Amino acid sequence: MPAALGDLGRYALASAFSFLFVLAATAALHELAGLSQTLAPAVALVAAFAVNFTLLRRWVFKGQSRPVARQVVETALASIAFRAFEYGIFLALHLGLDLDYLVATGASLCVSALGKFGVYREIVFNRSRSAPGSPSR
C-alpha cells in the first residue's frame, strides 16, 4: 500500500502541474505566439498529452520497461475514454441533478482523476507487466 500512496502523491502533483501547464501554454500561445483563442487550447492540450505521458512514465510510475509506443497508444485510448466518461458524469450532475455547470465540471474531473489513476497504475503503467518473464498483453 505505501507504494500506491507514493504513486498517488506523485500523480496528484503531476495532475496539478498539467492543469497549470495547459492554462499557461494556452495563454502563451495566444498572447505571445498569436494563435487564436480557439486554436491555442487545442495546441496546449496536445502538448500537455506529451508532457503528461512523460511524467507518468518517468516520474509517477517509475521503472517502466514496456515499449513506449504501446504505452502511448494505451494512454491515448484511456484519455479519450475518460474524457467521454467525464462528460457523461457532467451531464448526469448538471442536467440530471441540476447542479451548477462549474460544480458539475469539477466533480466530474475529480471522480475521473481517481479512475484514471487506477487505470494508469494497474494497466497502462503496471510495473509487473514490465517485469522480465511476465506475460506480455
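To be clear, the structure that these remarks concern was listed above.
Quick summary incoming for the structure in this document. (Residues numbered from 1 in each chain as written. Predicted model: local features only at pLDDT ≥ 70, side-chain atom pairs only at ≥ 80, totals over all residues. Heavy atoms only, no water.)

1. Here we look at the nonpolar core
One finds Tyr11, Ala14, Phe53, Leu56, Val60, Phe61, Ala78, Phe117, Tyr120, Val124 and Phe125 forming the largest nonpolar core, which totals eleven residues. For this core, the secondary structure elements donating two or more residues are helix 1 (2-31), helix 2 (39-60) and helix 4 (101-124). Not counting residues within four places of it along the chain, the set of residues in contact with phenylalanine 53 comprises Val68, Gln71, Val72, Thr75 and Phe125. (Core = buried A, V, L, I, M, F, W, Y, C linked by side-chain atoms within 4.5 Å. Buried < 20%, exposed > 50% of the residue type's maximum accessible area, 1.4 Å probe, protein only. Helix = DSSP H or I, 4+ residues; strand = E, 2+ residues; numbered from the N terminus. Contact = heavy atoms within 4.5 Å.)

2. Considerations on the side chain of arginine 121
With respect to the helices and strands, arginine 121 occurs in helix 4. At a separation of 3.0 Å, a polar atom in the side chain of arginine 121 contacts the side chain of glutamate 122. Excluding residues within four positions of it along the chain, arginine 121 makes contact with Ala3, Ala4, Asp7, Phe61, Asn126 and Arg127. (Polar contact = N/O pair within 3.5 Å; in protein donor to acceptor, adjacent residues only side chain to side chain.)

3. Topic: the environment of phenylalanine 49
With respect to the secondary-structure elements, phenylalanine 49 resides in helix 2. Phenylalanine 49 sits 27 residues away from valine 22 along the chain, and the two C-alpha atoms are 9.7 Å apart. Beyond its immediate sequence surroundings of up to four residues, phenylalanine 49 is in contact with Val72, Thr75 and Ala76.

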